[in-house]
Amino acid sequence: MTNDPDAPRRWNGHHGPVLHSRDGFDVIDCAACGFRHVVPIPDEDALRDIYKHDYHVKDKPLMLQHQLEDREWLEATGDARLAVLERLLGRVGSLLDVGAGNGFFLARAKALGWAARGVEPSDKAAAHARSLGLAVDCETFGPACAARLGRFDVVHLGEVLEHLPDPAGMLRLCGTALNPGGLLAVSVPNDYTAVQRVLHQDLGVRPWWVAPPHHLNYFDRDSLEGLFRRTGFAPCHAAVSFPMELFLLMGKNYLDDPALGRECHAMRKALELALLGSGNSRLLEALHEGFARAGMGRTLLVVGRKQQQDAP
Ligand SMILES: [Zn+2]
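This write-up is about the structure you can find in this document. Everything numeric in this text was worked out from a predicted model, so none of it was measured. (Residues numbered from 1 in each chain as written. Predicted model: local features only at pLDDT ≥ 70, side-chain atom pairs only at ≥ 80, totals over all residues. Heavy atoms only, no water.)

Let's talk about the coordination of the zinc ion
We count it as follows: Each metal site lists N, O and S donors within 2.8 Å (3.2 Å for Na, K and Ca). With water left out of the atoms, a site can look as if it is missing ligands. Geometry is assigned from donor-metal-donor angles: four donors are tetrahedral when every angle falls between 85 and 135 degrees, four are square planar and six octahedral when opposite donors sit over 155 degrees apart with all other angles between 65 and 115, and any other arrangement is irregular. Burial here depends on accessible area, computed with a 1.4 Å probe over protein chains only, as a share of the maximum for the residue type. Under 20% is buried, over 50% is exposed, and the range in between is partly exposed.
Around the zinc ion, the protein supplies His14 (ND1), Cys30 (SG), Cys33 (SG) and His37 (NE2) as donor atoms, at distances of 2.0 to 2.2 Å. In this structure, the zinc ion is coordinated by 4 donor atoms arranged in tetrahedral fashion, with angles at the metal of 99 to 123°. Here the donor residues of the zinc ion share one chain and are spaced in sequence as H-x15-C-x2-C-x3-H. For Cys30, a relative accessible area of 2% translates into the label buried.

Quick notes on the sheet that holds strand 4 (residues 25-29)
The condition that has to hold: For two strands to be treated as a pair, DSSP must find at least two bridges joining them. A run of H or I in DSSP counts as a helix once it spans at least four residues, and a run of E counts as a strand once it spans at least two, with each numbered from the N terminus.
The strand order 3-4-5-11 describes an open sheet built from 4 strands, whose pairing is antiparallel. Strands with a single pairing partner mark the edges of an open sheet, and in this sheet they are strand 3 (18-22) and strand 11 (217-218). Relative to strand 11, strand 5 (residues 36-39) runs antiparallel, the two sharing 2 bridges. By the bridge assignment for strand 11, His37 is matched with Asn217.

Describing the pattern of salt bridges
Definition in use: A pair is scored as a salt bridge if a Lys or Arg side-chain nitrogen falls within 4 Å of a carboxyl oxygen belonging to Asp or Glu.
Tallied over the entire structure, the rule returns 22 salt bridges. A salt bridge links Glu75 to Arg71, with the shortest nitrogen-to-oxygen separation between them at 3.4 Å. Pair noted here: Glu75 and Arg71 are both in helix 3 (residues 71-89), with a separation of 4 residues, about one helical turn. According to the relative accessible area criterion, Glu75 is partly exposed, its value standing at 29%. Note that Arg148 is salt-bridged to Glu139, the shortest N-O span being 2.7 Å. Owing to a relative accessible area of 24%, Glu139 belongs among the partly exposed residues under this scheme.

Topic: the pairing of strand 4
Looking along a regular strand, one sees the side chains alternate between the two faces of the sheet. Counting buried positions along strand 4 gives 4 out of 5 residues, so the element sits mostly inside the fold. Across 4 bridges, strand 3 lies against strand 4 in antiparallel orientation. The residue bridging Val18 from the neighbouring strand is Ile28, located in strand 4. Two successive antiparallel strands, strand 3 and strand 4, enclose a turn made up of 2 residues, where Asp23 displays a positive phi of approximately 50°. Looking at chain direction, strand 4 and strand 5 are connected through 4 bridges and run antiparallel. Looking across to strand 5, one finds that Val27 is bridged to Val38. Connecting the antiparallel pair strand 4 and strand 5 is a turn made up of 6 residues, with Gly34 showing a positive phi of about 85°.

Re the packing of helix 1 (residues 44-59) against helix 5 (residues 123-131)
Using the following cut-off: Inter-axis angles, ranging from 0 to 180 degrees, are taken between N-to-C directions of lines fitted to C-alpha atoms, where helices are fitted over the stretch in contact. Any angle from 65 to 115 degrees is called roughly perpendicular, while one under 35 is roughly parallel, one over 145 is roughly antiparallel, and all others are oblique. Residues count as neighbours in contact if any of their non-hydrogen atoms are within 4.5 Å of one another. Classification used: nonpolar for Ala, Val, Leu, Ile, Met, Phe, Trp, Tyr, Cys and Pro, charged for Asp, Glu, Lys and Arg, polar for all others including Gly.
The contact between helix 1 and helix 5 brings their axes to 6 Å, and the two run at 75°. With respect to each other, helix 1 and helix 5 are oriented roughly perpendicular. On the side of helix 1, the interface is formed by Lys52, His53, His56 and Val57, while helix 5 contributes Asp123, Lys124 and Ala125. Residues of the contact of helix 1 with helix 5, tallied by class, amount to 2 nonpolar, 2 polar and 3 charged.

As structure tokens, this is what we get:
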């Protein structure tokens, strides 16, 4: 035993320095996993209850309302992501959306000619997705579900991996659901970025991105691409979304002000819709690439190609 506050935190084989602590969880930079995550890692059964019953009902009750308000923007950004996937695959094909939520991304995939199917643990969200005419199974994506659904050209996980106690296990499972040469597309919050460090360490803003028990894992591009490689995927594309942190730097502290947050979000939507709607998606991509180089970007998308052999 040691009382050294800088000693690495150890828990069930995970070990690394503590970056932040909140609500009984420590975020560690885990040397065993190669990415930042909380310890203790919550029990899988407890999480299953959260995502089946509570997440879309109690924890994020406004998500559907906001998504309906954002529909035009969600469709435009969904289409842009699907265009990237079509370019990397060389065609449209079959797509499985794991954690399909209310079904907005899946609906765009279907509309653009993909053979689209989803899996979503939340009763409420899956019901909404089905009301859009989508094929969505209401369950947690596990080995039995993967075996039943068969293989796809693309597996997509949008804002899923940060919630899971075993992200490496999930990526390996996704590999079993992919055809040879198929693509895995994962978007997650982009965390512990340079701009977050400036805001927190130099400007005294609290570390708002630390959000257990919902967010268990905190990826950046290096750690997510590393996880791809270790689970049988060769990264072939990475991009970030608009850095909402810029509003904090510009004096618009929306962290405890949901109305201001929606206002900032509306400005970001306006920028993206102006460029996407006027045929200038390449300029938006270039803008995002610049933000990524500067260590910014609210979410991160990494696409990887399944390696020849199934991951062990
Ligand atoms: Zn670990």
